[in-house]
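A closer look at the structure
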Amino acid sequence: MQRFRLAMLAILMAGLAGVSQGQDAKKKNAKVAPTVEGKSLGNGVFTGVVKDPPDGNRVVIRQIPSVKAPQPMPMPKGKVKGAAAAQGKADPTEYAFTVAAGAPVVFRVLPEAFDEKGDIIKPTAEQLQKLRSGGLPGKLEQVRTGMVLRLSQSGDKVNRVEVISEVDQPLSKQAKTPATPKKK
């Protein structure tokens, strides 16, 4: 009986080892979004969604997929392949930019939407006027995940950062708010 238990335990351990190796192989084969350095793109204006909050003077954005106006097309017979099938896919490439020290950061939206209590901040008349005329000055530390940035680059570094808007993040990507405790 003892030998039978040992044999079953050995079979079970070998099976678990095979399962964990299969999971490791899946992780290795998973596609990782390539990161392109911003300085390799040259001079220009680049727009994208902030992937993670800035780390020092480094900002990582993802390209916004260009949305084309739908054009009436005859429906093909059978399965849809090619460009019609790939129309809704976004480019997973990430772009890492280095922001120059002293580069202006301008917000076209309010940098902070909520106060310490969690209430929505209503802009003052002066802030609204600044938002309409040229934007509110801010700091790179105020940039959050999901903000849409327009980066103006000349040379190796970004010399102007504009926050144009914010995009809704899927619930799985947002930080989960803790549940409110039930009152007794």
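Model, not experiment: these values are computed from the prediction.

Considerations on the overall build of the chain
Across its full length, the chain holds 2 helices and 8 strands. Looking at the chain as a whole, 20% of its 184 residues are labelled buried. When contacts within the chain are restricted to residue pairs at least 6 apart in sequence, long-range pairs at least 24 apart make up 70% of them. For the chain, the accessible surface area stands at approximately 14,500 Å², while carbon and sulfur atoms represent 58% of it.

Some thoughts on the nonpolar core
Counting residues in hydrophobic clusters, the biggest one holds 21 residues, and the most contacted among them are Val143 and Leu149. The set of elements that each furnish at least two residues to this core consists of strand S2 (44-50), strand S3 (58-63), strand S4 (94-98), strand S5 (105-107), strand S7 (147-154) and strand S8 (157-166). Contacts of Val143, omitting those with residues within four sequence positions, involve Val50, Pro53, Pro54, Phe107, Leu149 and Val163.

A look at the confidence of the model for the chain
On average, residues of the chain score 74 in pLDDT, and 66% of them are at 70 or above. Per-residue pLDDT stays below 50 along residues 66-71; that stretch engages in 0 contacts with residues further than four places along the chain or on separate chains. Low pLDDT, under 50, characterises residues 78-88; the stretch is placed with 1 contact to residues that sit more than four places away or in other chains.

Examining the pattern of salt bridges
What the rule picks out here adds up to 9 salt bridges. Its salt-bridge partner being Lys51, residue Glu94 comes within 3.8 Å of it at the nearest N-O pair. Taken together, the residues span a long stretch of sequence, with Glu94 in strand S4 and Lys51 in the loop between S2 and S3 at a distance of 43 residues. Among the residues examined, Lys51 registers a relative accessible area of 27% and is labelled partly exposed. A salt bridge links Arg62 to Glu94, with the nearest nitrogen and oxygen atoms 3.1 Å apart. Linking Arg62 in strand S3 with Glu94 in strand S4, this pair joins segments that are 32 residues apart in sequence.

Observations concerning the sheet that holds strand S1 (residues 35-37)
Pairing within the open sheet is mixed, and its 8 strands lie in the order S1-S4-S3-S2-S7-S8-S5-S6. The two strands at the open ends of the sheet, each matched to only one other strand, are S1 and strand S6 (136-138). Pairwise comparison of adjacent strand axes, ignoring direction, gives a mean angle of 35° for this sheet. Here 3 bridges tie S2 to S3, and the two strands are oriented antiparallel to one another. Across the sheet, the residue bridging to Val49 is Arg62, located in S3.

Conventions adopted
As a convention, each chain's residues are numbered from 1 in the sequence order in which they are written. In view of the model being predicted, local features appear only for residues whose pLDDT reaches at least 70, and side-chain atom pairs are presented and counted only at 80 or more, with totals across whole chains, interfaces and linings using the full set of residues. Working from all heavy atoms in the structure, the side-chain values ignore hydrogens and water. Where helices and strands are cited, they refer to DSSP runs of H or I of at least four residues and of E of at least two residues respectively, numbered from the N terminus. Per-residue accessibility, obtained with a 1.4 Å probe over protein chains only, is compared with the maximum for each type, and a residue is labelled buried under 20%, exposed over 50%, and partly exposed between these values. Note on contacts: a residue pair qualifies if any of its non-hydrogen atoms lie within 4.5 Å across the two residues. All accessible areas in this document rest on Shrake-Rupley with a 1.4 Å probe, and a residue is counted as covered only by the protein chains that are shown. For our purposes a nonpolar core is just a set of buried Ala, Val, Leu, Ile, Met, Phe, Trp, Tyr and Cys residues, chained together by side-chain atoms within 4.5 Å. What pLDDT expresses is the predictor's confidence in each residue, scored from 0 to 100. One speaks of a salt bridge when a side-chain nitrogen belonging to Lys or Arg is within 4 Å of a carboxyl oxygen belonging to Asp or Glu. Here the rule is simple: two strands pair whenever DSSP picks up at least two bridges between them. All axes here are fitted lines through C-alpha atoms, helices being fitted over the stretch that makes contact, and every angle between N-to-C directions spans 0 to 180 degrees.

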